[in-house]
Amino acid sequence: MNINGKPYRTIWEKNTDTIEIIDQRHLPYQLVIEELKTLDDFAHAIRDMHVRGAPLIGATAAYGMYIAALQGVELQKAADELKDTRPTAVNLAYAVDKVLAAAFIAESNQQNQIILQTAREIVEESVEHCRLIGAHGVEIIRNISQKKEGKTVNILTHCNAGWIACIDYGTATAPIYAAHNEGINVHVWVDETRPRNQGARLTAYELKEHGVPHTVIVDNAGGHLMQHGMVDMVIVGTDRTTRTGDVANKIGTYLKALAAHDNQVPFYVALPSSTFDWSIRDGLKEIPIETRSADEVKYMEGWENGSIKSVLLTPLESPAINYGFDVTPAKYITGLITERGICAANEAAILALYPEQQ
Ligand code: MRU
């Protein structure tokens, strides 16, 4: 996708021993490119959210395994360190385990090359899966547009499940970009997504760069908009989805799903197969929910006089707690938009798309 008209991905190889990323902590104010050269750089970048979003976390970890291998770090140690950085997004384990499996069967003199090759495959697979999510998901938007006789389709999204959270296209945004590109009138309600404001900072930024009409709203506005017929559909991403269709996504997603259910607004979740956790059935009991620093709740960042400033919102002494994700039970989800097509959020329908996971 484009920044200032120039195509970018979120991660790329600078040379054989350096990976570059867009350091998302500076967006939307500054475009900062960061070099990652050691296993610690990768672990730090994922944990402190220089990169974030389930697919991008996975791709970054895969390259982290390559750099670790290049520097002679024991692969299992590197895998453990990377997997420990963020607990909810299953793409992390998916990518690290894929690299480990490829390395395990490689001849030792070819191991580094095989690991690099696997990291590249993970990146390209992610791009292609997001493109296909767009191709399938656009049909839903097209149908709504036809029913509305070409009037604007209003789509609400939460957090950033855009290209900045992936390598390209995004998951939740892929159908939106596809619709916009084919001339369908779309408008996106962007939840600001406290506490880190991924909606206000990142989703708004990438929609603006692509010219997609959008409006930033406070997290609590969605229910009101739905009650007044101002939302035609919701599309969100996910960090981990069970084989039964329970969806973990950014904190606040569940409340949007409840409001959508109460107002008969279709609620879709867009995901590549790397975000399914095929080993679990019960999202509420089995998906680990990341708790992050209370300071992310107590302080708010913004741009002032040429730099990012952080201000205290709460009484200094007040405790805060910061759950990063929540689980939306499958019963509130209208459909899952995957690279293989759209299905209902239940085990039979998911397995009909992914029969190899029976
Ligand atoms: O904590 P974050 O910013 O990594 O959380 C990201 C999300 O919740 C996204 O919605 C999810 O990863 C889907 S990304 C395509």
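Data block above holds the structure.
Throughout, a residue's number is its position along its own chain's written sequence, starting from 1. For a predicted model such as this one, the threshold for reporting local features is a pLDDT of at least 70, and the threshold for listing and counting side-chain atom pairs is 80 or more; totals across whole chains, interfaces and linings nevertheless cover every residue. Side-chain numbers come from the whole structure's heavy atoms, not from hydrogens or water.

Caption draft 1: View of the site of the ligand. Whether a residue is near a molecule or strand depends on its heavy atoms: it is near if one of them lies within 4 Å of it. Around the ligand, a shell composed of 19 residues is seen, among which R52, R86, D239, N249 and K250 lie nearest. The definition of a polar contact used here is a pair of N or O atoms within 3.5 Å, where within protein one atom must be able to donate a hydrogen and the other to accept one, and adjacent residues in sequence count solely through side-chain atom pairs. Taking D239, its side chain carries an N or O atom lying 2.8 Å from an oxygen atom of the ligand. Every helix listed is a DSSP run of H or I at least four residues long, and every strand listed is a run of E at least two residues long, numbered separately from the N terminus. Where the shell around the ligand is concerned, the elements lending two or more residues are α2 (54-70) and β11 (247-250). For this classification, the nonpolar set comprises Ala, Val, Leu, Ile, Met, Phe, Trp, Tyr, Cys and Pro, the charged set comprises Asp, Glu, Lys and Arg, and every other residue, Gly included, is treated as polar. Its residues placed into classes, the shell around the ligand shows 8 nonpolar, 7 polar and 4 charged.

Caption draft 2: Main features of helix α4 (residues 91-105). Expected helix span is taken as 1.5 Å per residue step, with the number of steps being one fewer than the number of residues. An ideal rise of 1.5 Å per residue puts 21 Å on 15 residues; α4 measures up with 22 Å between its terminal C-alpha atoms. Taken together, the buried residues of α4 touch α1 (39-47), α2, α3 (75-83) and α5 (111-147). The criterion used for residue contact is that any of the two residues' heavy atoms lie within 4.5 Å.

Caption draft 3: Seen up close, the sheet that holds strand β10 (residues 240-242). One open sheet accounts for 4 strands, arranged β13-β10-β11-β18; its pairing is mixed. This sheet does not close on itself; its edge strands, each paired only once, are β13 (276-277) and β18 (325-328). Sitting on the sheet, helix α9 (residues 253-262) touches β11 and β18, and the angle it makes with β18 is about 30°. At least two DSSP bridges between two strands are required for those strands to pair. Here, axes are lines fitted to C-alpha atoms. For helices the fit covers the stretch in contact, and angles between N-to-C directions go from 0 to 180 degrees.

Caption draft 4: Molecular detail of the sheet that holds strand β4 (residues 18-22). On the basis of which strands lie adjacent, the open sheet formed by 3 strands has the order β3-β4-β5 and antiparallel pairing. A single partner strand is all that each edge strand has here, and the edge strands are β3 (11-15) and β5 (33-36). With direction set aside, neighbouring strand axes in the sheet form an average angle of 35°. Alignment of β4 against β5, held across 4 bridges, turns out to be antiparallel. Paired with I19 across the bridge in β5 is L36.

Caption draft 5: Local environment of a nonpolar patch on the surface. Grouping into patches uses exposed residues only, defined as over 30% relative accessible area, and leaves out salt-bridged ones; the cut-off is 9 Å for like charges and 5 Å for nonpolar side chains (Val, Leu, Ile, Met, Phe, Trp, Tyr). The Shrake-Rupley method, run with a 1.4 Å probe sphere, supplies the accessible areas, and residue values consider only the shown protein chains as cover. Just to be clear on terms, a salt bridge is a Lys or Arg side-chain nitrogen sitting within 4 Å of an Asp or Glu carboxyl oxygen. Taken together, the side chains of I289, I321 and Y323 define a hydrophobic patch exposed on the protein surface, amounting to about 290 Å² of accessible area. Assignment of secondary structure puts I289 in the loop between α10 (283-286) and β14 (291-292). Any residue under 20% of the maximum accessible area for its type is buried, any over 50% is exposed, and the rest in between are partly exposed; the area is computed with a 1.4 Å probe on protein chains only. On the basis of relative accessibility, which here comes to 31%, the residue I289 falls in the partly exposed class.

Caption draft 6: Layout of the packing of aromatic side chains. In this analysis, rings of Phe, Tyr and Trp, with Trp reduced to its six-membered ring, are considered paired at centre separations within 6.5 Å, and the interplanar angle assigns stacked below 30 degrees, edge-to-face beyond 60, and tilted for intermediate values. The full count for this structure, using the stated rule, is 6 aromatic pairs. Taken together, a centroid distance of 5.2 Å and an interplanar angle of 10° make the contact between Y29 and W303 stacked. With Y29 in the loop between β4 and β5 and W303 in strand β15 (residues 299-304), the pair connects residues that are 274 residues apart, well separated along the chain. For Y29, a relative accessible area of 28% corresponds to the partly exposed category. Judged by its relative accessible area of 37%, W303 is partly exposed. Linked through ring pairs, F276, W278 and Y354 together constitute an aromatic cluster. Two conditions define a charge sitting above a ring: the NZ of Lys or the CZ of Arg must be within 6 Å of the ring centre, and it must be within 35 degrees of the ring normal. Residue placement shows K250 over the ring face of F325; its charged tip is 4.1 Å from the ring centre.

Caption draft 7: Inspection of the nonpolar core at higher detail. To qualify as a nonpolar core, a set must consist of buried Ala, Val, Leu, Ile, Met, Phe, Trp, Tyr and Cys residues joined through side-chain atoms within 4.5 Å. Y63, M65, L82 and I115 are the most contacted members of the largest nonpolar core, which totals 40 residues. Of all the secondary-structure elements, those providing two or more residues to this core are β4, α1, α2, α3, α4 and α5. Of the residues forming this core, the biggest block, 12 residues, is contributed by α2. Apart from the residues within four sequence positions on either side, Y63 is in contact with I11, E13, I19, F42, L116, A119, R120 and V123. One finds V138, I155, V190 and L207 within the second-largest nonpolar core, a separate group that totals 33 residues.

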